[in-house]
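Spelled out, the chains give:
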Amino acid sequence: SHNYKIAVLPGDGIGPEVTAESVKVLNVIAQAFQYNFQFEYAKMGAEAIFETGNPLPEETLTVCKNADAVLFGAIGDPYFDNNPDAKVRPEQGLLKLRKELGLFANIRPIKTYTSLTKKSPLKKEVVDGTDIQIYRELISGIYFGEKFTDENGEYAYDVCKYSKDEIVQIAHLAFQDAQKRRKKVTLVDKANVLDTSRLWRKVVQEIAKDYPDVTLEFLFVDNAAMQMILNPKQFDVILTENMFGDIISDEASVIGGSIGLLPSASIGNDNALFEPIHGSYPQAKGKGIANPIASILSAAMLLDYLKLDVAANKLREAVEHAIDHRYVTEDLNKEQNYSTSEVGDFIVDYIKFSEKSYYN
Ligand code: IPM
Ligand code: MN
């Protein structure tokens, strides 16, 4: 049957308002395609700290583990950014959730829409047609190595560590995706300096032998940062470790004209979480100006994950329709901007009117 439990973690800042649009859209998808989505809400981030002292309450973790998929909004709050000594931070909630759910692969598609490439800080001819899939390792590396700050605040360290197994599992996903795409994987690392990067190269070279139809290339991360701006179209699948992936993906996110368009999927063996790649954007909180499309496209990736392909494609078609008709928030159309919920409504209506079954 088509019953699915979806955990919803709206989180901080604009998280709740963009997530509300995704839930609205998923509800219309459910009606049109006769699915039953059961949404279970839970708290994470600053909101959870203020209420319970814990950025990831036990109850939230349980809701996520019992769900078929997790839809997440955003995390972070200026209160904590302005207090570097705060012992508990909202981000710890997300990091712990990724780890506990075993979400080892973070997939970030970078796509451009021809009608929007004028908004890009780069030349239209440089960016038009960019289509990159970033595979970022998500639960190891410097984010999760040993950390230390001495009592006097004189020195500190963060250890970057990787094991072969951690590299193997995400590398396979990246190569399998490349086989369905333009058959190229670029490993981004710093193998001229770092031991962990040399381990990545060795392991990935070995795995590449299983995929003879895929070309494997290597790029040092500093050069990759430059190539991303010079010629983003050269990239197909990018495979990289946790922190390099964090940085490269923010850089890549502006290519299409707005970070407000980009979704992501974090995948593990038993769980998956979907979130926009933008952050909590506290300045916009509650104003109804945040772009809901990154969250709505994350919901489309959630449908892909549940193997509801037809619905996922319908949802993407509706988003493209909104973008083509300039039915977008102020980040994309200053003159005639629509609110967060107006954009959601437009997408909902498109699905209703184009799916006859909705009226049965
Ligand atoms: C991201 C974010 C997170 C990260 C933060 C909020 C911990 O920047 O998802 O890219 O660094 O992974
Ligand atoms: Mn980031």
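Per an unreviewed UniProt entry, the protein goes by the name 3-isopropylmalate dehydrogenase and belongs to Cloacibacterium rupense. Quoted verbatim from the Sequence similarities (unreviewed entry) heading of the UniProt record, the comment on the protein is "Belongs to the isocitrate and isopropylmalate dehydrogenases family. LeuB type 1 subfamily." On record in UniProt, under Pathway (unreviewed entry), the comment for the protein is "Amino-acid biosynthesis; L-leucine biosynthesis; L-leucine from 3-methyl-2-oxobutanoate: step 3/4."

**Q** Outline the overall build of the protein, listing residues and values.
**A** Tallying secondary structure elements over the protein gives 13 helices and 12 strands in all. Its C-alpha atoms give the protein a radius of gyration of 20 Å, within 12% of the compact-globule value 21 Å for 360 residues. Within the protein, the fraction of its 360 residues that count as buried is 47%. Put simply, 75% of the contacts in the protein that link residues at least 6 apart link residues at least 24 apart.

**Q** Quick one: what's the story with the packing of helix 12 (residues 309-324) against helix 13 (residues 340-354), residue by residue and with numbers?
**A** The contact between helix 12 and helix 13 brings their axes to 9 Å, and the two run at 125°. When the axis of helix 12 is compared with that of helix 13, the two are oblique. Once helix 12 is placed against helix 13, the crossing between them reads as right-handed. Between helix 12 and helix 13, the contacting residues are Lys314, Ala318, Val319, His321 and Ala322 on the first element and Val343, Phe346, Ile347, Tyr350 and Ile351 on the second.

**Q** Give me the lowdown on the UniProt feature "domain: Isopropylmalate dehydrogenase-like" (unreviewed entry) in the protein, citing residues and values where you can.
**A** On the UniProt side, "domain: Isopropylmalate dehydrogenase-like" (unreviewed entry) is annotated at positions that read residues 5-347 here. As a span, residues 5-347 carries 42% helix and 19% strand, and end to end its C-alpha atoms are 23 Å apart.

**Q** Describe the site of ligand 1, listing the residues and the values that go with them.
**A** Around ligand 1 sit Ile75, Glu91, Leu94, Leu95 and Asp246, and those are all the residues in its vicinity. Sort the elements by how many residues they give to the shell around ligand 1 and helix 5 (residues 90-100) lands first, with three residues. A class-by-class count of the residues in the shell around ligand 1 yields three nonpolar, no polar and two charged.

About the criteria used
- Residues numbered from 1 in each chain as written.
- Chains lettered and ligands numbered in written order.
- Predicted model: local features only at pLDDT ≥ 70, side-chain atom pairs only at ≥ 80, totals over all residues.
- UniProt positions renumbered as here; feature names shortened; annotations may be inferred.
- Helix = DSSP H or I, 4+ residues; strand = E, 2+ residues; numbered from the N terminus.
- Rg over C-alpha atoms; globule rule 2.2 N^0.38 Å.
- Buried ≥ 20, exposed ≤ 12 C-beta atoms within 10 Å, placed from the backbone.
- Contact = placed C-beta atoms within 7 Å.
- Axes fitted to C-alpha atoms, helices over the stretch in contact; angles between N-to-C directions.
- Parallel < 35°, antiparallel > 145°, perpendicular 65-115°, else oblique.
- Left-handed = near helix turned anticlockwise from the far one by under 90°.
- Near = placed C-beta within 6 Å.
- Nonpolar A, V, L, I, M, F, W, Y, C, P; charged D, E, K, R; others polar.

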